[in-house]
Amino acid sequence: MKIVLAKLIGFFINIIAHISPTYAVQIAIKLFSTPLKGKHLPEGKDFLNTAFQEEVVYKDFAIMTYRWLGEKDTILLVHGWESNAFRWKDLIEKLKQKGYNIVAIDAPAHGKSGGKYFNTLDYSECIHLVAKKFKVKTIIGHSVGGMATIFFQHKYQFPHLERIVLLGAPSNFKDIFERYVNMMGYHNILVKHIDEFILKKHGHRSAYFEASKFSKDITSKGLIIHDDKDNIIPYKDALDYQAGYTNAKLITTNNLDHSLKSENVDNHILEFISN
């Protein structure tokens, strides 16, 4: 049903593109950038209220941060698309027991953070602000949160960052964009207009933003965890990182799906950050 609806919406946007390409691009980008989920449910609010909450301002909106204080190094937890800081609850409890200083954030347009739209480049800038504010030494990023972390570290080479954990992270923006285009059934002419929009807004076309290649410039020690049956971000993306991120180790899981929520994954993370 969702696929049929997406194709129907894409059909009408294709028609609009013949009349006003600019307006069609605006609609397509808005759909691509607007999360339909990601707000806190009651259970999440209760748990996150146990943390110190502080806003960090980026552009014209605020990013919400959550802190659980500890004696050890600071770890930043970065969630993915249509999620929020509560997704880390089980791992946070384990990190607290180990005495780590923990920071989690809600991405733009997610959780308690401001903003109406989400894109990975803005997310990477938010990660930079939070990492700098709290002198973060380890970042654990799930899905596009992992990709945004690579974008951030590639651009800023943040000197305090010693470790990066990528959980089911996409290796490039181009494939994400193409999956969206295929889902909506956009015509090639509209796709070219969208790519021109990305070039004008971000200085590069979509194919430029290849996180696995950016990771070649990163010296922080890395851990890549990806499920071989991931139906959201293909396992191929993990192999891209393995080829590019020379200071990283790949761990392959089976039948954990894209969420990678398991005791085994948490144990791999805890072992990695303790060394």
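Calculation notes
- Residues numbered from 1 in each chain as written.
- Predicted model: local features only at pLDDT ≥ 70, side-chain atom pairs only at ≥ 80, totals over all residues.
- Heavy atoms only, no water.
- Helix = DSSP H or I, 4+ residues; strand = E, 2+ residues; numbered from the N terminus.
- Contact = heavy atoms within 4.5 Å.
- Axes fitted to C-alpha atoms, helices over the stretch in contact; angles between N-to-C directions.
- Left-handed = near helix turned anticlockwise from the far one by under 90°.
- Salt bridge = Lys/Arg side-chain N within 4 Å of Asp/Glu carboxyl O.
- Buried < 20%, exposed > 50% of the residue type's maximum accessible area, 1.4 Å probe, protein only.
- 1 Å grid on protein atoms, 1.4 Å probe; cavity = no way out; pocket = protein on both sides within 12 Å on 5 of 7 lines; lining within 4 Å.
- Points joined across faces, edges and corners; volume = space filled by probe spheres on them.
- Nonpolar A, V, L, I, M, F, W, Y, C, P; charged D, E, K, R; others polar.
- Phe/Tyr/Trp six-rings, centres within 6.5 Å; stacked < 30°, edge-to-face > 60°.
- Lys NZ or Arg CZ within 6 Å of the ring centre and 35° of its normal.
- Expected span 1.5 Å × (residues − 1).
- Arc of directions from axis to C-beta.

Visitor: Give me the lowdown on the side chain of D195, citing residues and values where you can.
Guide: With respect to the helices, strands and loops of the structure, D195 is situated in helix 8 (residues 188–202). Setting aside residues no more than four positions away along its own chain, D195 makes contact with R205 and S206.

Visitor: Which residues make up the packing of helix 4 (residues 89–98) against helix 11 (residues 263–274), and what values do they have?
Guide: Between two packed helices, what matters for the description is the angle formed by their axes and the separation of those axes. One way to put it is that helix 4 packs onto helix 11 with a least axis distance of 11 Å and a crossing angle of 35°. In this structure, helix 4 meets helix 11 at a crossing whose hand is right-handed. Residue-level contacts link D90, L91, K94, L95 and K98 of helix 4 to E263, D266, I269, L270 and I273 of helix 11.

Visitor: Describe the pattern of salt bridges, listing the residues and the values that go with them.
Guide: Taken as a whole and assessed by the stated rule, the structure comprises 18 salt bridges. Of the charged contacts in the structure, one is a salt bridge between E93 and K96, with a shortest N-O distance of 3.6 Å. One end of the pair is E93 and the other is K96, both in helix 4 and three residues apart, which spans about a single turn. A salt bridge links K236 to D240; the nearest nitrogen and oxygen atoms lie 3.2 Å apart. Of this pair, K236 and D240 both sit in helix 10 (residues 235–244), four residues apart, which is roughly one turn of that helix. Take K236: its relative accessible area is 41%, and that puts it in the partly exposed class. Judged by its relative accessible area of 24%, D240 is partly exposed. By sharing partners, the salt bridges in this structure join D73, K137, E162 and R163 into a single network.

Visitor: Break down the environment of I13 for me, citing the residues and quoting the values.
Guide: Within the secondary structure, I13 sits in helix 1 (residues 2–19). Judged by its relative accessible area of 3%, I13 is buried. Sequence separation of I13 and L41 is 28 residues, and the distance between their C-alpha atoms is 33 Å.

Visitor: Any details on the layout of surface pockets? Residues and values, ideally.
Guide: What the second largest pocket holds in volume is close to 250 Å³. Along the wall of the second largest pocket there are 13 residues; nearest its centre are L121, S124, E125, K155 and F209. Taken together, the elements giving at least two residues each to the lining of the second largest pocket come down to helix 5 (120–134) and helix 6 (144–156). If you tally residues by element for the lining of the second largest pocket, the top one is helix 5, at four residues. When its residues are assigned to classes, the lining of the second largest pocket shows six nonpolar, four polar and three charged.

Visitor: Explain the packing of aromatic side chains residue by residue, including any values.
Guide: Aromatic ring pairs are described here by two measures, namely the spacing of the ring centres and the angle between the planes. Tallying each qualifying case throughout the model produces 17 aromatic pairs. Measuring from centroid to centroid gives 5.9 Å for F32 and F173, while their planes differ by 75°, and the two rings are edge-to-face. Here F32, found in helix 2 (residues 21–33), pairs with F173, found in helix 7 (residues 173–184); they are 141 residues apart in sequence, far enough to count as distant. Grouping aromatic residues by their ring pairs yields a cluster made of F32, F173, F177, Y180 and Y186. The positively charged end of K72 is found above the aromatic ring belonging to Y100, 5.1 Å away from the centroid. Here the guanidinium or amino end of R87 rests over the ring plane of W88, the centre of that ring lying 4.6 Å away.

Visitor: Kindly report on unusual backbone geometry, identifying the contributing residues and their values.
Guide: For residues that are not glycine, phi is negative in most cases, and the peptide bond is trans in most cases. Phi is positive for E82, which is not a glycine, with a value near 55°. Within the secondary structure layout, E82 lies in the loop between strand 3 (74–78) and helix 4. Among the residues examined, E82 registers a relative accessible area of 23% and is labelled partly exposed. Despite not being glycine, Q157 shows a phi value in the positive range, around 45°. Tracing the chain through its elements places Q157 in the loop between helix 6 and strand 6 (163–167).

Visitor: Describe in detail helix 11, supporting the description with residues and values.
Guide: For helix 11, spanning 12 residues, the distance from its first C-alpha to its last is 16 Å, which sits close to the expected 16 Å at 1.5 Å a residue. Buried residues of helix 11: V265, D266, I269, L270, F272 and I273, and no others. When helix 11 is viewed along its axis, its buried side chains cluster within an angular range of 165° and face the same direction. Residues of helix 11 that are exposed and angled more than 90 degrees away from the buried face: E263 and E271. Residues of helix 11 that are buried make contact with strand 3, helix 4, strand 5 (138–142), strand 6, strand 7 (221–227) and strand 8 (248–253).

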